[in-house]
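# Structure assessment
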Amino acid sequence: MTWSWAWPWWRLCLSLISMLIWHAPSAHLQPAENINYNLVHSWADKLGMELFHLGDFITRRKEVQESFKDAKVVQRVGASIVDSMAKEIEMMMDLKVSAVRRIMDTAENTALSHQNDMADKMFSYYNAKEMLEPGDPVPPIPTPAPDMDKDIGEPLIYVQPKVVVLEPRPEFHNTPVNFSVSSVHVPVNVFDRAPDVIKAIQWSENLDQIFRDNYKNDPTLSWQFFGSSTGFMRQFPASKWKKDVPVDLYDCRLRSWYMEAATSPKDIVILMDGSGSMLGQRLDIAKHVVNTILDTLGTNDFVNIFTFDKEVSPVVGCFEDTLIQATLGNIRELKEGIENFGPKSIANYTAALTRAFEILEEAKSTSRGAQCNQAIMIIGDGAPENNREVFELHNWRDPPYKPVRVFTYLIGKEVANWDDIRWMACENQGYYVHLSDTAEVREMVLNYIPVMARPLVLGRHDHPVIWTQVYADIEDTKLSDHLWEIKQCEEQKADVLEYWQVHDRMLEPSEMHRREYRRIKETWNQPVDSNVYQFMTTVSMPIYDRRENATRIANILGVAGTDVPINEIKKLLSPFMLGVNGYAFIVTNNGYVLFHPDFRPIFQGYILKPAYNSVDMIEVELLDDDRPARDFNPVLMTIRDSIINQSTGSKWMLVKNHFDEMKRVTRIKRQYYWTAIKNTPFTLVISYPEQYGVSRIDIRSEQDIHRVNIKGTNIRSFFDGKRWKIHPDWLFCKHSNRTFRTPETELLYFLERMTEPGWRWPASRSAMPPEHTAAMFCDRQLMQALVFDAGVTEWFSKNSSFNSKEDKRNEFKQRFGVTVAFLATHSGLTRWHEFNLAEEPSVGETFSQKNKRAIDEIWYKRAVEQHFVRAESFVYSVPFDAGESNSEILVTASHAIFHNEGGKSAPAAVVGFQFQHSALYKLFHNITGNACAVDDKDCYILDNNGYVIISTRVHETGRFFGEVNGAIMKRLLEENVYKRVFVYDYQAVCFESRGDNNASSMLLSPLYHVLRLSKWLLHTALWYIVQLMQLAPGVSAHYAEMYSDMNGTEPEPEHHHNGHGKKSETEEHWLRYLTLHRTRLKSCDMQRELYTLYNEKDNVVYNMTAHACERPFVVLPIPFSNLILLVVDQLCPRDAALVLTVNPQTIDYHLSVNDSLACYKHAREFNRVRPQSCISRHANESNIKLCGKACSLYANLALLLFCHILSRWL
């Protein structure tokens, strides 16, 4: 009995001894030897097989592949495609030019026939800023009416606003419009009742008829307009001017479509007087004049600014003795340079003029600059002499022709020696202006436009057709600075409220770093597609005054134009013909892109970049040649030259394509084809991957829609149900006189029409048929492909395929949390099938709203790329911010379906599914057991770009692994698991400190006054809030109670002063932190270090075992996927400070202290092609004597008399 009782204890003791003996040797082993390679290999294999079987069953990929067996694979002929697209765009653009030409002819004839009409100051018109809609309250008549307007010296006139019915229209971005009349926008600096203004408004109302006729002839027309030289703009259809900006800065005469049509390209040298008398208000006015001149220039113009005292100096040192292309970035650089200028000593006009003439002469002799008009603009408070010798030497060599015009701007109220500076302008075919107040600067500066336009007007018959660079509708780039100021103020306000809630915890380094990182991350938000702005190009023509008495002054009446939205041009490009990862873009004569898939004009989600519309094509086509930043490959430069010269050609190149918020990259070989769009400065370029883009799926003749209908098949039935979408941006079919709620509704309408007798396919999507009541178009090839795809995949969205496997379906639902399976085809069709339970809301609709762009979805592109790594594999991904999300994370898996025929293959579709991340984590945990849950090991699943799919710490999901464990990521690089790819971002935005040392900047824009007031109010409010919180406990307690009610969080007790009556060091730190640290936007270059897996199937690194702390990890590929399994021994020491990141880093070009990126780019400027039209001289111009009025001496007679008596008495 005793032994029987003690035996269990002996067994326990023996077991413990055996375990100690068994594990004793491992006490001398290094920690990493605990990672069993074979065990990890089994994990990877099992996980890969589990996921593959899941995807195989859920997506029914083999059935989908079988569905496309009747399709054929044909070669994609790039030269034919680009030629066809270019002709479509050319036809569309010709229609726009014809519309503008009709507006121009009508305007010239109307002005001529109404030349003797009297101006009616009580004339009522549709003022875009004042007109009313039915039901709007009528504003009261001003009482008491002021007797006199001090500015114009006449009684103020009140005309009641007109009432107009407006209706939102989708073709005008849902802007409420009226197609019966036009509306008029008048800038804030123009008095609409001035005789010349109101008279032009009167006669231009007759343009409404031609506006309506144009729209009837071409319903695809966007806004049509007439910009008058008096300042107003008449726009059709009528619409209200938006009022969501603090100041209406819009003036049509400062827009590129007006400036480039009114004047031929020009070289301008601006000379600014730097003498000691140019102080105070004179300096402010002078800077305002310079900035206004700069606002009138476009990308076909060239300019430089010099200040002169005893010496002549450029305002931007690195620009030196050259002319700079007037891009937004260069103009911004010049404005910053002039902002910091201060007067010094006596002005040397002779030296300044000589320098200006030499620069212009050199530009002409070396074929640099605009090679057309040339002008010198002098801003000063008086010249000591007229410098006749300088003009005789440089400008009067070939009388009566004077190649350089001179415009002079006399600054100041009391100026005596005005005659010499006026003489300079009048004797050199220029114009003289006397300015004594900032309010008159814009109108006076714009007087140079009609003078530069004289050769055009005198020629009369030549109306150049101008196409502008891409721009953001009516937006002004000054608003970017304003919006950035507001953003900074909002952040400051948020800091104040957060500090009151959490107090000192907010000042902890980790919290400050987190907040700073979050804000920097927001600035990296650069969406390619945005509805915030409407980007467009505009075609315009000048309108001349044909009156006989106008010959002596050669008036330009204005400019006619119409907008061409970029999205409308994109719809003509047939992206279906280019296939997945194929794209098209247009390049201008300057080498800038009109649009491009990597054109990112905004940041922060809603702010225009400072130089958004001067992105060169070689800055977005990144060659895979391992060259440093801005060291562009000569091959690429040669291709660029061919494109801007509008040649026709083709070339293949190895390139780097980034995508998915610039966090992923692929290195592929691409084919490029290009050809000119005739009668425009544009060249169309198309590109597609060589590996899978040279072939495409096509239908056979028996699958033609017409033949299918004859057989009695109802093609409409292919689109039953609601589980399908078509690509919202593609042009399948369009009806010019009807609008539809959704693209799907529009498609169904046309499918019904196709079944009707007599259906014919229109030959072109641009040319409208004569019977405009039935103006419609369908892309025949795209529709044929769509109907075929819909027919062969009709079964996918139905439940019948799963009925026989209901048990397995439920098993997958419960085990993996599968929510939706989807299918997207090359024709833009997306289908899906939900797996949600009855009590759950529909996940299919949620999926379709975010994933309806078929071949343009990231999961589609990645699946096609992955096909060439391993054809049977799936691509898995999670959102980058998955770890920060409080909601259920969804994993997206996708797989490419290729169709093979005759030794050729092409991507036909992509299938995929989404399932819960928690289920994947549970599966991983079940496979690995507790091996990855202990403290000595970390297990990760990483995707092919290094992002965490699975981690034992869920908050790391979606993050780049180099930020989680930089030391191991570095080892993975060294062992060729991953390779690093440098991607340059030449469209980046940086932020530099901005001081308020120079008060002259307040005059650069009316917005500045608003910003200064806002800043003052903010600082004042913050000061009083802090004082009330610290000095008034009652008020502080009341505020705390309010804040607690709003946020549900009780703030911590307030801090008290120490016994000496002084604030604590923390409080002083916080008060310093309250100060608004202002920054200004600055264009810059950045680079990202992105990563991609080595795709060698037999990579030796996957056969390597862990070896102590020399190699404290095992890494293995997960079969049938884009994933790798990484097991790391945590007991080995590592450098925790080592972090590898994919975040952008500013590129350091090692510039000198005073240089900038603009200087660096100027030293490496690219070739460009000048516009074809240049009209800079006319023989009759010498007969025009109008060159500005002489100034008047203003004096207070009473003061003069008093001074005279006083002097006599003394």
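Before any of the text, the structure's been laid out above.
The residue numbers shown here count from 1 along each chain, following its written sequence. Where local features are concerned, this predicted model is filtered to residues with pLDDT of at least 70; where side-chain atom pairs are given and counted, the filter is 80 or more; whole-chain, interface and lining totals use all residues. Values shown for side chains rest on all heavy atoms present in the structure; no hydrogens or waters enter the calculation.

The next point concerns the overall build of the protein. Helix and strand assignments come from DSSP, with helices taken as H or I runs of at least 4 residues and strands as E runs of at least 2, each series counted from the N terminus. Along the backbone of the protein there are 36 helices and 41 strands. Any residue under 20% of the maximum accessible area for its type is buried, any over 50% is exposed, and the rest in between are partly exposed; the area is computed with a 1.4 Å probe on protein chains only. Counting only residues that meet the buried cut, the protein has 54% of its 1210 residues in that class. Per-residue and other accessible areas were derived by the Shrake-Rupley procedure at a 1.4 Å probe size, with only the shown protein chains allowed to occlude residues. Carbon and sulfur atoms make up 53% of the accessible area of the protein, which totals about 54,000 Å².

Side chains that differ in sign of charge can pair as their charged atoms come close. What counts as a salt bridge is simple: a side-chain nitrogen of Lys or Arg found within 4 Å of a carboxyl oxygen of Asp or Glu. One pass over the full model with this rule turns up 56 salt bridges. A salt bridge links E171 to R169, with the shortest nitrogen-to-oxygen separation between them at 2.7 Å. What makes E171 partly exposed here is its relative accessible area of 30%. When its relative accessible area of 22% is taken as the criterion, R169 is described as partly exposed. The salt bridge partner of R716 is D720, with a shortest N-O separation of 3.4 Å. Judged by its relative accessible area of 24%, R716 falls in the partly exposed class. Exposure remark for D720: the relative accessible area of 47% places this residue in the partly exposed category. Residues joined in a network through salt bridges with shared partners are E333, E336, E339, E992, R1080 and K1082.

Bringing the environment of L207 into the picture now. Checked against the element boundaries, L207 lands in the loop between α5 (195-204) and α6 (208-217). The spacing of L207 and V181 is 26 residues in sequence and 9.3 Å in space, taken between C-alpha atoms. Whether two residues are in contact is decided by their heavy atoms: any pair within 4.5 Å suffices. For L207, the residues in contact, after removing those within four places along its chain, are I103, T106, A107 and F226.

As a further point, take the sheet that holds strand β18 (residues 583-587). Strand pairing is assigned whenever DSSP detects at least two bridges linking the two strands. In space, the six strands of this open sheet follow the order β19-β18-β25-β24-β23-β22, with antiparallel pairing throughout. The open sheet has two free edges, formed respectively by β19 (593-595) and β22 (622-623), since each of these has just one partner strand. Think of each axis as a best-fit line through the C-alpha atoms, taken over the contacting stretch in the case of a helix, with angles from 0 to 180 degrees between the N-to-C directions. This element, helix α20 (residues 634-644), spans β18, β22, β23 (649-659), β24 (664-676) and β25 (683-689) of the sheet and lies at about 115° to β23.

Classification of ring pairs rests on two measures: the distance between centres of Phe, Tyr or Trp rings, Trp counted by its six-membered ring, which must be within 6.5 Å, and the angle between planes, read as stacked under 30 degrees, edge-to-face over 60 and tilted in between. Using the criterion set out here, one finds 49 aromatic pairs in the structure. Taking the centre distance of 6.1 Å and the plane angle of 35° together, the rings of Y984 and Y986 count as tilted. Owing to a relative accessible area of 12%, Y984 belongs among the buried residues under this scheme. Judged by relative accessible area, Y986 falls into the buried class, the value being 8%.

The subject of this paragraph is the nonpolar core. As used in this record, nonpolar core signifies buried Ala, Val, Leu, Ile, Met, Phe, Trp, Tyr and Cys residues forming a set joined through side-chain atoms within 4.5 Å. Among the nonpolar cores identified, the biggest contains 292 residues, and Y409, Y448 and L972 are the most heavily contacted of them. Residue contributions to this core peak at 14 residues, all from helix α4 (residues 78-113). Ignoring any residue separated from it by four or fewer positions in sequence, one finds Y409 in contact with V289, I293, M377, I378, I379, G380, V433, L435, M444, V445 and Y448. Core analysis: the second largest hydrophobic core is formed by 32 residues, A347, A356, A383 and A425 among them.

Right, let's get into the side chain of S222. Within the secondary structure, S222 is located in the loop between α6 and β5 (224-228). Judged by relative accessible area, S222 falls into the buried class, the value being 8%. Excluding anything up to four places from it in sequence, S222 contacts F172, F236, T562, D563 and P565.

What follows deals with the packing of helix α23 (residues 743-754) against helix α24 (residues 780-792). Relative orientation of the contacting elements α23 and α24 amounts to 95°, with a least axis distance of 13 Å. On the basis of their axis angle, the class for α23 and α24 is roughly perpendicular. Together, L747, L751 and M754 of α23 and M783, L786 and V787 of α24 make up the contact between the two elements. Among the residues forming the contact of α23 with α24, the class breakdown is six nonpolar, no polar and no charged. Working definition: roughly parallel below 35 degrees, roughly antiparallel above 145 degrees, roughly perpendicular at 65 to 115 degrees, and oblique for all remaining angles. Each residue gets one of three labels, nonpolar for Ala, Val, Leu, Ile, Met, Phe, Trp, Tyr, Cys and Pro, charged for Asp, Glu, Lys and Arg, and polar for the others, Gly among them.

Count a disulfide wherever a pair of cysteine sulfur atoms falls within 2.5 Å. Under the defined criterion, the tally for this structure stands at seven disulfides. Each sulfur in the disulfide pair C318 and C1159 lies 1.8 Å from the other. Between C318 and C1159, the S-S torsion sits near -70°, and that sign places the bridge as left-handed. In this pair, C318 is assigned in the loop between β9 (312-314) and β10 (324-325) and C1159 in helix α35 (residues 1157-1162), connecting sequence segments 841 residues apart.

Right, let's talk about the side chain of S182 for a bit. Along the polypeptide, S182 turns up in the loop between β3 (175-177) and β4 (183-185). Owing to a relative accessible area of 1%, S182 belongs among the buried residues under this scheme. Under the rule applied, a polar contact is a pair of N or O atoms within 3.5 Å (in protein, one hydrogen donor and one hydrogen acceptor; residues adjacent in sequence only if both atoms are side-chain atoms). Within polar-contact distance, the side chain of S182 engages the side chain of R234 at 2.9 Å. If near-sequence neighbours (up to four positions away) are discounted, S182 is found in contact with Y126, D208, F211, R234, Q235, F236 and A238.

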